[in-house]
Amino acid sequence: ITSRTRVLIINSPANPTGAVLDIRVLEKLAELALRHDLVVVSDEVYERFVYDGRRHVSMAALPGMAERVVSVFSCSKSYAMTGWRIGYAVGPAPVIAQMVKLQEHVAAHPSSISQKAAVAALTGPQDCVRRLVEEFARRRQLLRERLPRIFGSGGMVGAGAFYAFVNIGGLQMDSRAAVMRFLEEARVAMVPGVEFGAAGEGYVRLSYCAPCERIEEGLRRMARLVSERQ
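Conventions adopted
- Residues numbered from 1 in each chain as written.
- Predicted model: local features only at pLDDT ≥ 70, side-chain atom pairs only at ≥ 80, totals over all residues.
- Heavy atoms only, no water.
- Helix = DSSP H or I, 4+ residues; strand = E, 2+ residues; numbered from the N terminus.
- Expected span 1.5 Å × (residues − 1).
- Bend = angle between axes of the 7 residues up to and from the residue.
- Buried < 20%, exposed > 50% of the residue type's maximum accessible area, 1.4 Å probe, protein only.
- Phe/Tyr/Trp six-rings, centres within 6.5 Å; stacked < 30°, edge-to-face > 60°.
- Lys NZ or Arg CZ within 6 Å of the ring centre and 35° of its normal.
- Core = buried A, V, L, I, M, F, W, Y, C linked by side-chain atoms within 4.5 Å.
- Contact = heavy atoms within 4.5 Å.

Quick word on helix α5 (residues 127–151)
And step 1. In a regular helix each residue adds 1.5 Å, so 25 residues correspond to 36 Å; α5 covers 36 Å between its end C-alpha atoms and thus fits that length.
And step 2. The sharpest bend along α5 comes to roughly 30°, located at E145, with the proline P148 sitting one to four residues further on.
And step 3. Residues V129, V133, F136, R139, R140, L142, L143, L147, I150 and F151 constitute the buried set of α5.
And step 4. After α5 finishes, the residue G152 shows a positive phi value of roughly 75°.

Focus: the packing of aromatic side chains
And step 1. Counted by the stated rule, this structure contains 11 aromatic pairs.
And step 2. With 5.1 Å between their ring centres and 55° between their planes, F162 and Y163 make a pair best called tilted.
And step 3. Taking relative accessible area as the criterion, F162 reaches 6% and is therefore assigned buried.
And step 4. Since its relative accessible area comes to 5%, Y163 is described here as buried.
And step 5. Taken together, the ring pairs connect Y46, F49, F136, F162, Y163 and Y208 into an aromatic cluster.
And step 6. Directly above the ring of F136 sits R139, whose terminal nitrogen or CZ lies 4.8 Å from the centroid.

Overview of the nonpolar core
And step 1. Counting 41 residues, the largest nonpolar core has L147, F151, F182 and M222 as the members making the most contacts within it.
And step 2. For this core, the secondary-structure elements that each account for two or more residues are α4 (112–123), α5, β6 (163–167), α6 (175–186), β8 (203–207) and α7 (212–229).
And step 3. When neighbours within four sequence positions are excluded, F182 is seen to be in contact with F151, L171, R187, V188, M190, M222, L225 and V226.
And step 4. Membership of the second largest hydrophobic core comes to 12 residues, among which are L8, L38, V57 and L62.

Structure follows, in structure tokens:
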């Protein structure tokens, strides 16, 4: 933090690790923002995807933070509307007003169909979201059980979102090379950790959006390739 710092960006539940910030961490970050007079941009698009009895907490709900937090949400995750290009921000009215001025010079608006679908999703019954999260929890448990057998302790599955961030140090190759190896030889697609920043080198990101049957097949292919390299 320097004299030029104006904004603190947080992401919880997080992409790519699936980490969920504990309320005690949020409180310390809030203290930091107040002390340095920072605006907080809080990426909460995976808010519904939390597991193991965890609860998503928005920093905007903490004392004294509502007037300095802009929370960002999306219909892409909770309502499986990826590609519909619908998201929204919640924050102090003066900040949102300036955001609107900027946005209207970038894009006029999403399609009317997408907007009506988003209203229906946000105001309609939420049972489908509960069922979706329950299904993702089953897929997550499958990865939690199987990844350590393939990668050892490096098979990390976070408490939120729908990703596993896996340490591939044992493969003795960088993350981009590993991703291409898995794609070409095992037909399993993943994202190199370095794409999320230098600290992600040595990791790959797996998504468990696919059905359990396809995840199991992918895990078998991955296990076969890893065992061949050992």
